[in-house]
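A look at the structure
Single-letter residue listing:
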Amino acid sequence: MAEPAKDFETLDVDMDEVEEEAKQDIQSSDSSDSDSDSDEDAAADDEQQLQTLEKELAENPSSYDAHVQYIKSLRKFGDIEKMRKAREDMNALFPLTPSMWSEWAKDEASLTTGSEAYDAIVKLYERGVNEYLSVSLWCDYLKYVEEHDPAVQDFSPEGLSKMRNLYERALTAAGLHVTEGKKIWEAYREFENNLITAHHEENTERQEEQERHIRSLYRRQLSIPHADSESTLVAYTNWESLQQQKTSNSAELEAIPSVVASAYKKSMEIYKARVYHEEKISKQDMSETDKVKNYMTYLKFEQSSGDPSRVQILYERAVTDFPLSSDLWLDYTCYLEQTLKVPKIVIGAYSRATRNCPWIGKLWVQYLLSLERSHASELELATVYEQSLLCSFSSFEEYLELFLTRIDGLRRRFSLSGSAEDSLGFSVIRETFQRAADYLSPNLKNTNGLLHMYAYWARLEWELGKDLAAARGVWESLLKISGSMLEAWEGYVKMEIETGHIDAARSIYKRCYSKRFMGTGSEDICHSWLRFEREFGTLDDCDHAVKKVTPRLEELQLYKQQQEARLVAESVPRGDDNPAKKPSQKRKTGIRQTDEQPTPKRQKGAAENPVQATETETEKAVVSTVSQNTLDQQTKSSSNKELYKDQCTAFFFFDDVGGVSAIRVLKDKYTGKSRGLAYVDFTKAEYLSKALAKNKKLLLGKKVSIVRSNPQRNKNKESSEKNRREPGDNKTRTAATESTGTLEDPKISTEHSKESGAPLPASAAAVDSKQGDRHELKGKNTFAVPRNLARPLGWTKPVTKKEEENDEVPKSNDEFRKMLLKK
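As a starting point, this report considers the structure included with it. Values in this document were obtained by computation on a predicted structure and should not be read as measured data. (Residues numbered from 1 in each chain as written. Predicted model: local features only at pLDDT ≥ 70, side-chain atom pairs only at ≥ 80, totals over all residues. Heavy atoms only, no water.)

1. Remarks on the overall build of the chain
We count it as follows: For the purposes of this entry, the term helix denotes a DSSP run of H or I that reaches at least four residues, the term strand denotes a run of E that reaches at least two, and both are numbered from the N terminus. Here the term buried applies to any residue with accessible area under 20% of the maximum for its type, exposed to any over 50%, and partly exposed to those in between, with areas from a 1.4 Å probe on protein chains only. Throughout, a residue-residue contact means that at least one pair of heavy atoms, one from each residue, lies within 4.5 Å. Here the accessible surface of atoms and residues is derived via Shrake-Rupley with a 1.4 Å probe, and residues count as covered only by protein chains that are part of the display.
Assigned secondary structure in the chain consists of 32 helices and seven strands. Here the chain holds 823 residues, and the buried ones make up 42% of them. Put simply, 65% of the contacts in the chain that link residues at least 6 apart link residues at least 24 apart. Of the roughly 45500 Å² of accessible surface on the chain, 50% is carried by carbon and sulfur atoms.

Next up, the structure:
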C-alpha cells in the first residue's frame, strides 16, 4: 500500500505543475491574443496613414514633409520597390539630407544582394556625397566599398588603386574639416595598416612601401589644422617608435623631423586663430539668423587668409547646415566664379544652389551664364532654362531678367553661327521673345523693363531677322500695351530714323503729339517733333509741324499755370488756421475770453479775404492788376470748380519777392467781378522795393503795373477818424476768409492810430489795363490809380518824359480817384 500511496502523492504533484503551466499558457495565450489585436490595430492605422499620405502627395507633390512621412511609413512595411520609387520621386524635387542618403543605401544593402545591388548602392553614395558635405556619409561610403568590393577584398593592385583614389577624393572633399576631418584620415591610415597585416609573410620591400604610405598620411594630417591634432601627434610618435624597434637602421627616426615639427606648429597656430569662430558656429542656443551671420563672419576671416581650399570647405559646411539660405548660396557661387574659376565645380555649385533655393531668380540667371561660359550644349542650356520657368519667383522682374538672359545667349550663339540656316535659327529667339511678352505684358505694363525688352526685340527683328515689318509689329504691340509711355513712341521713332524711313517717323509724330503723357512728356514730344523737322524735314514740313504743335503747347502752358495756381491756393492759410492771426485774437486784459470772437464791421469798398498781416508789419504797399478775361478763361476750364483766384495769382507773382502780408482785391459792387485792381501789403520796406522793381512784368501774358500808394495824403479828417482803430487796439484789424469758388474782400482799416505811434504804411496801386467798365469808387477807404496805369490794353499814346518821372511820385487817393473817374 505504501508504494501506491507514494505514486499517488507523486501524481498529485505532477497535476499541480500541469495545472500551473496550463494557467500560464492561458495567460500567455490571452496576452498574445491582446498583442495580436494591438498589432492588427497598429497595422490598420499604418495602412490608413499610408493611404492618406499617398492622396496628399497626389494632390500636392511639392510637400516636403509629406514625402518624408510617406517614406517613413513605407519602411515599416519593408516594400523595397515602393520605397525606392518614393525616394526617387522626392529626390527629383528636393535634395536629400546626408542621413536620408545613408538610410537609403543601408536599406538597399540589407534587402538586395549581388553585383548589381553593389553597383546601385555605390551610385547612391555618389549621389549623396555630391549633394552635401558630410564626413559621416563619406565614412559609410568608404567602409561599404572596402567591405563589399571584391577587388579591394582581394588586395589586387586594381582594388588598392581604386580604394586609395576614393580615400583621396574623401580627403579633398572633407579632409580640411576642422572638427570632423580627422575621421577620414584615421580610416585611411587604418586601411593602410590592414595592408601591412595582410602582407606580413611577404618581402620587406612591400612592408617598407606600406610604412611610407602611413608615414606620409601622418605628416600630411599634422600639417592641417584639426581640433584634435595633439592626439594625432602622440599617435604618430608612438608609431615611429614602434617602427624604430622593428628596424635597426632607423637612426633618423629617433625624433620628429624638424620639417614635420615646423608644419605641426604652424597648423596649431592656424587652428588657435579659428577656435573662436568654431565655437560661435557650433552654439546651439541661438537663432538661425545669428548662426548664418556667424558663418558669414567666419567666411570673411577665412577669405582674408587667402587659402581657397579652406574657404570652399567652410562654405560647404555652411550650406550643409543652412541649405535654404539664399545669401550663403549667392555668396558661395560668386566666390567660386571669381576665385576658383573651375567650370565643373562652379556649375555643380549652381546646380545644387538652384535645387535648394529654386525661388531665387538670380541663381538661375548666373547658372545659365556659367553654362554658356563652359560651352555647354544647347540641349543642356534649354533644359536648365525650362526648369527655371517652373519656379515661383518673388517678382515679375526676376522672370524678365531670366528671359533676357536666355535671349542674350541665343543671340550670341546665333551670331557666332553666322547663318540663319544653322540648327539654331532666329525663330527660336522670336519664340522666346513672344513667350516672354505673353507672360510679362499684363504684369509689367508701363514699366521701363517691358519697354527695354520690346525695344531689344524690335532691334533683333531688324538686325538679325532682316524683317522691318516684324520690327514695326513689335513696336505697335507695345503701343497697345503701354501707349501712355513717351519713351515707347520715342523708341519707335528712333528705329524708323535709324533705318532711314523718315516719312514713317513723321507719321508717328502726327499720331502722338496730341496725346497726354506723364510729367512734361506732352511738351517734350512736341519739341521733339519740331527738332525732327528741323533736322530732316523741308520748310513746309517745319511749318506744318509748328502749326500743329503751337496750339497744343499753349494749351499745355495754360494747364500748367492752372496747376501751379492751385498749388499756391492750397498753401495759403485759411481763416483761423492762419498762424499770423492768432496774436491779434487776444482780448484785452481783464476781459473774459469766450469761444466766439467778435467780427469787425464790414466797410464799404473794402476787399474781402485779405491775408492776415502780422503784428510786425510796417509796409503796406502794392496793388497788382490781373486781366479779368484771362481769369474767366481759366475758370471755365476748371470743371465747374474755380482753381485760380486773384489772391493766389498775386501770391504767385510776388513769390520771389516775399514778405506779402495781406492782399485786398477790389471787386465791382454789383457784378462781383474783379476791377483789376488790388492792394498788396508787405511786412518790410525792402520787400516793397523789390515788388516795385517788377513793374511792367508779365503775368499770365499781361503786363502788370505796380506803383507805390500813399493813402494818407489829402484825407479829410472825417474819413480819417472813421478809419481809425478802436481804442486799445493798435494793430491793423484784418480777417482772411475764403468762400467756395470766389475770393471776397473783407472790410479793412488802412490807418494807424495816432496814439500808436506806428509808422504810416506805404501802398502801391495798379489797375487792369483792360477795364472797359467805369466804376464809381465809394466807401470809407479810398483807392488811387496812377495816370500812367489807367490806360487800357492796346493804348498807343506815347508817355512823356515828365509823366515817366511823375510815376515815382506817390499819388494821393484823391488823385487816383480823379484819374480813374476820368477814364
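2. Observations concerning helix α22 (residues 468–482)
The following threshold applies: Under the convention used throughout, the expected extent of a helix is 1.5 Å for every residue step, that is, one less than its residue count. What the arc describes is the spread of directions from the helix axis to the C-beta atoms. By the criterion applied in these results, polar contacts are pairs of N or O atoms within 3.5 Å in which, for protein atoms, one can donate a hydrogen and the other can accept it, and in which residues neighboring in sequence qualify only through two side-chain atoms.
With 15 residues, α22 ought to run about 21 Å at 1.5 Å a step, and its terminal C-alpha atoms sit 21 Å apart, in line with that. Those residues of α22 lying buried are Leu-468, Ala-471, Val-474, Trp-475, Leu-478, Leu-479 and Ser-482. Down the axis of α22, the smallest arc covering the buried residues is 140°, so these residues share one side. Opposite the packed face of α22, turned more than 90 degrees from it, sit the exposed residues Ala-469 and Lys-480. Buried residues along α22 sit against α21 (448–463), α23 (486–498) and α24 (502–512). The N-cap residue of α22 is Asp-467: its side-chain oxygen and the backbone nitrogen of Ala-469 are 3.3 Å apart.

3. Quick word on α24
Side chains three or four residues apart in an α-helix point the same way, a direct result of the helix having 3.6 residues per turn. Within the sequence span of α24, burial applies to Ala-504, Ala-505, Arg-506, Ile-508, Tyr-509 and Cys-512. Buried-residue contacts for α24 involve α22, α23, α25 (521–536) and α26 (539–571).

4. Re the pairing of strand β2 (residues 660–667)
What counts, and what does not: In this scheme, strands are said to pair when DSSP sees at least two bridges between them.
Counted residue by residue, β2 has seven buried out of eight residues, so it is predominantly covered. Two strands pair when backbone bridges link them, and β2 and strand β3 (residues 674–682) are joined in this way by six bridges, in the antiparallel orientation. Paired with Val-660 across the bridge in β3 is Phe-682.

5. Some words on the packing of aromatic side chains
Inclusion rule: What counts as a ring pair is set by centres within 6.5 Å for rings of Phe, Tyr and Trp (its six-membered ring), and what kind of pair is set by the plane angle: stacked under 30 degrees, edge-to-face over 60, tilted for all other angles. Placement of a charge over a ring requires the Lys NZ or Arg CZ to be within 6 Å of the ring centre, with the centre-to-atom vector within 35 degrees of the ring normal.
Evaluation of the coordinates by the stated rule reveals 30 aromatic pairs. Geometrically, the ring pair formed by Tyr-399 and Tyr-439 is edge-to-face, given 5.2 Å between the ring centres and 70° between the ring planes. Within this pair, whereas Tyr-399 is found in helix α19 (residues 396–417), its partner Tyr-439 is found in helix α20 (residues 426–440), the two being separated by 40 residues in sequence. Judged by its relative accessible area of 8%, Tyr-399 is buried. Residue classification places Tyr-439 among the partly exposed positions, given a relative accessible area of 37%. Among the aromatic residues, those joined into a ring-pair cluster are Tyr-118, Tyr-125, Trp-138, Tyr-141 and Tyr-144. Stacked on the ring of Tyr-385, the Lys or Arg Arg-406 has its end atom at 5.2 Å from the ring centre.

6. Comments concerning the side chain of Thr-333
In this fold, Thr-333 is placed in helix α15 (residues 326–340). Looking at Thr-333, the relative accessible area reads 2%, which means it is buried. Excluding residues that lie within four positions of it along the chain, Thr-333 makes contacts with Ala-349, Tyr-350, Ala-353 and Leu-363.

7. A word on the packing of helix α8 (residues 157–174) against helix α10 (residues 204–222)
The test is simple: The axes are straight lines fitted to the C-alpha atoms, using for helices just the contacting stretch, and the angles between their N-to-C directions are given from 0 to 180°. Should an angle fall under 35 degrees it is called roughly parallel, over 145 degrees roughly antiparallel, and 65 to 115 degrees roughly perpendicular, with every other angle called oblique. Throughout this entry, Asp, Glu, Lys and Arg are counted as charged residues, while Ala, Val, Leu, Ile, Met, Phe, Trp, Tyr, Cys and Pro are counted as nonpolar. The remaining residues, Gly among them, count as polar.
Orientation of α8 relative to α10, taken along the N-to-C sense of each, is 5°, at an axis distance of 14 Å. By the angle between their axes, α8 is roughly parallel relative to α10. Between α8 and α10, the residues in contact are Leu-160, Arg-164, Glu-168 and Leu-171 and Arg-206, Gln-210, His-213 and Arg-220, respectively. When grouped by side-chain class, the residues that make up the contact of α8 with α10 number two nonpolar, two polar and four charged.

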